[in-house]
Amino acid sequence: MSKSSTGSFLESVSRNFDKAARHTGLHKGLLAQIKACNSVYQMRFPVKIGSEYKVIEAYRVQHSHHRLPTKGGIRYSQKVEQDEVMALATLMTYKCAIVDVPFGGAKGGVKISPREYTTAQLQKITRRYTTELIRKNFIGPGIDVPAPDYGTGSREMAWILDTYMTFKGGEIDAAGCVTGKPVKLHGIQGRTEATGRGVFYGIREACSNAEDMKALGLTPGLAGKTMAIQGLGNVGYHTGLISQEEGDVKVVAVAEYEGAIYKEDGINIKKLAAHRKKTGSILNFPGAKNMEQRKQILELPVDILVPAALENQIRKDNARRVKAKIIAEAANGPVTADAEEILLKKGVMIIPDMYINAGGVTVSYFEWLKNLSHMRFGRMEKRFDQRTYTNIVETIERMTGKSVGAKEKEFLTRGADEIDLVRSGLEETMISAYSQIREIWKRRKAVEDLRSAAFVNALKKIGSDYENLGIFP
Ligand code: GLU
């Protein structure tokens, strides 16, 4: 990606901010403070790779300290640059505000292509990066808490935790210095699927409103709606899988690095992932057609388009050819501000990144709370609930003289496990955040689109935090 295209990512975020800011009634000085990136840490460190020394370029940006810790993932990609990390950190601040997660926004980036390194080399880079963060006080459960992002996962988070523990093992809450950790290493059930599951809940909410669907020429509900997914990474995979299994959505097309495929009667995502694991590619999937160019995925006539790869995918040059009715921004910044103007004129509904992909950070928040409480969710109430429900069922059985079957009884009397509570908390979060945003969008005529409504909602919450501090009028 050229400098100008990632530069325009930050510019798009800034334009979207300005467009919404006028509807907030907040003081100019306060808006300027909210908009600015508070701390930008650029680092270069040497790592010995084989017989050579590589100077690695890396970043951690803390966009807003109105709430602490700051929070956001770490990206490993050859395309990482300062402006990109700044844009991503900025989005994290609004994302957290929208889903009422009490953090400021941050993001990290290491400019490497993970494919070019061995596991041992990646571990060395990750540990050194973490050490740099510790040295500058840029990591800690009450300071700044990283998480996975593009090119990283639970493995990297385990290395980060272990490095942190080496230096600060005596801190009682040390495990909360990073989220997205393996479940067996202070992680939480359901974090891996969280972003994709959140995308599913968000799309389901948007599609449940009859009036909004009518405006798009669609019927309410998810069942039978067609979906195209760009990117079969963690987010794209779980969005597709859960939409298919729990929403009865028809995933007709998938694009990845190596190409794109189309299958009119639906692609089984689990089988596609297995096919890719076996052959190294999504191409030549049984029953599907290989598409000529992977970018064509963005131009298919589907109900829902899910860009789940990288920023700046739908731009001025291809926006006019987009035929989807709904775009759910599972990735951060996939639609540029220029493209958005064109799409809105065409009547496309864009469900913005800072809302639709906030499931990841929401479950990260649950993980952080678990680490601070030093206890798994559900431990206290599970048996109590189970006993209460059993008493209720047995009382009904006694009163009616009828008994429920063993299987039904087990279902009715179950106490919640951690995964049930995480999913329930995530579902509640996505539903209530959507209703807040939709209300602003529908009630205030001047706020014309969902992204502006999401911004207005975030800015008002952040603004009131600053006002409570007494810094601004
Ligand atoms: N990287 C994810 C995001 O962009 C998750 C961040 C987190 O869990 O802190 O939202």
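The structure under discussion appears in the preceding block.
Residues numbered from 1 in each chain as written. Predicted model: local features only at pLDDT ≥ 70, side-chain atom pairs only at ≥ 80, totals over all residues. Heavy atoms only, no water.

**Points about the packing of aromatic side chains**
Applying the stated criterion across every chain, the model contains 10 aromatic pairs. Here the aromatic rings of Tyr 365 and Phe 366 are separated by 6.0 Å at their centres, their planes lie at 40°, and the arrangement is tilted. An identical accessibility class is assigned to Tyr 365 and Phe 366; each is buried. Here the aromatic residues Phe 103, Tyr 365, Phe 366 and Trp 368 are joined through ring pairs into a cluster of three or more. A cation sits over an aromatic face here: Arg 115 above Tyr 257, 4.1 Å from the ring centre. (Phe/Tyr/Trp six-rings, centres within 6.5 Å; stacked < 30°, edge-to-face > 60°. Buried < 20%, exposed > 50% of the residue type's maximum accessible area, 1.4 Å probe, protein only. Lys NZ or Arg CZ within 6 Å of the ring centre and 35° of its normal.)

**Observations concerning the sheet that holds strand β1 (residues 39-49)**
Across the sheet, five strands lie side by side as β1-β2-β4-β3-β5; this open sheet has mixed pairing. Edge strands, defined here as strands with exactly one partner in the open sheet, are β1 and β5 (144-148). Taken over all neighbouring pairs, the strand axes of this sheet differ in orientation by 25° on average, direction set aside. In this sheet, strand β4 (residues 104-110) lies alongside strand β2 (residues 52-62) in antiparallel orientation, the contact comprising five bridges. Paired with Val 61 across the two strands is Lys 107, which belongs to β4. Its contacts with the sheet put helix α3 (residues 82-98) on β1, β2, β3 (70-76) and β4, and the angle it makes with β4 is roughly 150°. (Pairing = 2+ DSSP bridges. Helix = DSSP H or I, 4+ residues; strand = E, 2+ residues; numbered from the N terminus. Axes fitted to C-alpha atoms, helices over the stretch in contact; angles between N-to-C directions. Contact = heavy atoms within 4.5 Å.)

**A look at the pairing of strand β7 (residues 250-256)**
Among the seven residues of β7, six are classified as buried, and the element is accordingly described as predominantly covered. With five bridges joining them, strand β6 (residues 226-230) and β7 adopt parallel strand pairing. Paired with Met 227 across the strands is Val 251, a residue of β7. The parallel pair β6 and β7, bridged by helix α8 (residues 234-247), forms a crossover whose chirality is right-handed. The loop that links β7 with its antiparallel partner strand β8 (residues 259-262) comprises two residues. (Right-handed = clockwise from strand over helix to strand, strands pointing away.)

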